[in-house]
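Commentary on secondary and tertiary structure
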Amino acid sequence: MECKNCKTALDQDAKFCKECGAKVIDHRITLGYLAKEVRIAFFSIDSSKPVRTFTEMFRKPENVIDGYIGGTRKTYIHAFGYFTIAILFSTFFYFIAQTFFSDSLEAAFNLSTQSKHQQEAVIYFQKKMFEYQAAIFYISIPIMAFISFIVFYNKKKYNYAEHLVFNLYAFSQISIVAILLFFATIWNKNVFPYVQVSSLILQIGIYSYIAIRLFKLSFKQFILKLLFFLAILFVVYIGCIIMVEILLVVTGNIELLQSMAISPSQ
């Protein structure tokens, strides 16, 4: 018998190649064998990292984030890997939603806007956000990290790069939880719009919980930091709106800008 990878001669009872370390496969692939491989893959130390990271981000997020920053890299999935999973999961959801549950998405648009022109504008922006979703996510993280760096500057615990790690993990956790809720309710167009709107509160709650654990905030400190954070975020949001409006003017999409300005009563 020889190794199928490196062709080294092996003993008949060998389980692994003594030369390259490959596992010796001497039988046909069966459904039972595949089931065993799937079980090992999902519950082995390495492949269970995403699940372990997800659950620990609820239990003790400081273990995940401070562990990564401190150099512990084997227990949990690294920050960019977790972020990539969140982006792929979100992209997959919106593909499924647009393909099979467009009526639920439309119901969500109708909940936040009343006039036809406003609905058209919202749908346009939603499609653009879906089209450039990954880019928007990657742009959002440095901005959020900058805001958290300012808000928690007096704590002097993390530098800006470490705030990037904090926000990568936090954003990923928030995104995954939100998408799980969306998957659970997208089939019901009467429920999904309200879940989508109320999920914002849940997302703020998760981010706040992680920040409280990381920076050991008292209730008073948390309230002050939250207000400071939201104030800066509001300024950034207004800046983004102005940039979008300028972009619409430059690209000739004046009608969309006018639609946004139309009141529901019109």
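Residues numbered from 1 in each chain as written. Predicted model: local features only at pLDDT ≥ 70, side-chain atom pairs only at ≥ 80, totals over all residues. Heavy atoms only, no water.

Let's talk about the overall build of the protein chain
- Along the backbone of the protein chain there are 11 helices and 0 strands.
- Along the protein chain, helices and strands appear, N-terminal first, in the series α-α-α-α-α-α-α-α-α-α-α.
- Buried residues in the protein chain amount to 33% of all 266 residues. (Helix = DSSP H or I, 4+ residues; strand = E, 2+ residues; numbered from the N terminus. Buried < 20%, exposed > 50% of the residue type's maximum accessible area, 1.4 Å probe, protein only.)

Examining a nonpolar patch on the surface
- Where nonpolar side chains cluster on the molecular surface, the patch consists of Phe 234, Val 235, Tyr 237, Ile 238, Ile 242 and Ile 246 and spans about 610 Å² of accessible area.
- In this fold, Tyr 237 is placed in helix α10 (residues 219-251). (Patch = residues over 30% accessible without salt bridge, like charges linked within 9 Å, V, L, I, M, F, W, Y side chains within 5 Å. Areas by Shrake-Rupley, 256 points an atom, 1.4 Å probe, with all protein chains shown as cover. Salt bridge = Lys/Arg side-chain N within 4 Å of Asp/Glu carboxyl O.)

With respect to the side chain of Asn 167
- Structurally, Asn 167 can be placed in helix α8 (residues 160-185).
- Asn 167 gets classed as buried once you look at its relative accessible area, which sits at 2%.
- Those residues in contact with Asn 167 that lie beyond four places of it in its chain are Ile 141, Met 144, Ala 145, Ser 148, Ser 172 and Tyr 207. (Contact = heavy atoms within 4.5 Å.)

Side note on the nonpolar core
- One finds Ile 65, Phe 166, Tyr 169, Ile 210 and Phe 215 to be the most contacted residues of the largest nonpolar core, which totals 36 residues.
- Contributing elements (two or more residues each) for this core: α3 (61-70), α4 (79-100), α7 (133-151), α8, α9 (192-215) and α10.
- Tallying contributions element by element places α8 first for this core, with 8 residues.
- Core analysis: the next-biggest nonpolar cluster, separate from the first, contains 9 residues, Phe 93, Leu 105, Phe 182 and Val 195 among them. (Core = buried A, V, L, I, M, F, W, Y, C linked by side-chain atoms within 4.5 Å.)

Considering the side chain of Ser 148
- With respect to the helices and strands, Ser 148 occurs in helix α7.
- Classification of Ser 148 as buried rests on a relative accessible area of 0%.

Observations concerning the packing of aromatic side chains
- Applying the stated criterion across every chain yields a total of 19 aromatic pairs.
- The interplanar angle of 65 degrees and the centroid separation of 5.6 Å between the aromatic rings of Tyr 158 and Phe 215 together place this pair among those described as edge-to-face. Here Tyr 158 is found in the loop between α7 and α8, whereas its partner Phe 215 is found in helix α9, with 57 residues between them in sequence. Comparing Tyr 158 with Phe 215, the two get one shared label, buried.
- Cluster of aromatic residues (ring-pair linked, three or more members): Phe 89, Phe 92, Phe 93, Tyr 94, Phe 182, Phe 183 and Phe 192.
- The positively charged end of Lys 157 is found above the aromatic ring belonging to Phe 215, 6.0 Å away from the centroid. (Phe/Tyr/Trp six-rings, centres within 6.5 Å; stacked < 30°, edge-to-face > 60°. Lys NZ or Arg CZ within 6 Å of the ring centre and 35° of its normal.)

As for the packing of helix α2 (residues 49-59) against α3
- Where α2 meets α3, the axes come as close as 5 Å, and the angle between the chain directions of the two elements is 115 degrees. Here α2 lies roughly perpendicular to α3, going by the angle between them. From α2, Thr 53, Glu 56, Met 57, Phe 58 and Arg 59 reach across to α3, where they touch Pro 61, Asn 63, Val 64 and Ile 65.
- Within the contact of α2 with α3, the residues separate by chemical class into 5 nonpolar, 2 polar and 2 charged. (Axes fitted to C-alpha atoms, helices over the stretch in contact; angles between N-to-C directions. Parallel < 35°, antiparallel > 145°, perpendicular 65-115°, else oblique. Nonpolar A, V, L, I, M, F, W, Y, C, P; charged D, E, K, R; others polar.)

What to know about unusual backbone geometry
- Even without a glycine there, the phi angle at Lys 216 is positive, about 50 degrees.
- Looking at the secondary structure, you find Lys 216 in the loop between α9 and α10.
- For Lys 216, a relative accessible area of 66% gives the class exposed.

Some points on the confidence of the model for the protein chain
- The pLDDT averaged across the protein chain works out to 77; a share of 69% of its residues lies at or above 70.
- Taken element by element, the predicted model of the protein chain shows its lowest mean pLDDT in helix α11 (residues 254-261) (51) and its highest in α8 (92).
- Predicted confidence for residues 260-266 stays below pLDDT 50, and this span has 11 contacts to residues more than four positions away or in other chains. (pLDDT = per-residue confidence, 0-100.)

Quick look at α3
- When α3 is considered as a whole, its buried residues turn out to be Pro 61, Glu 62, Val 64, Ile 65, Gly 67 and Tyr 68.
- Lining the buried residues of α3 we find α2, α4, α8 and α9.
- Following α3 by one or two positions, Gly 71 adopts a phi angle in the positive range, close to 110 degrees.

Section: the environment of Ala 79
- Tracing the backbone through its elements, the reader meets Ala 79 in helix α4.
- For Ala 79 and Val 64, which are 15 residues apart along the polypeptide, the C-alpha to C-alpha distance reads 9.2 Å.
- With sequence-adjacent residues up to four places away left out, Ala 79 is seen in contact with Tyr 68, Val 165, Leu 168 and Tyr 169.

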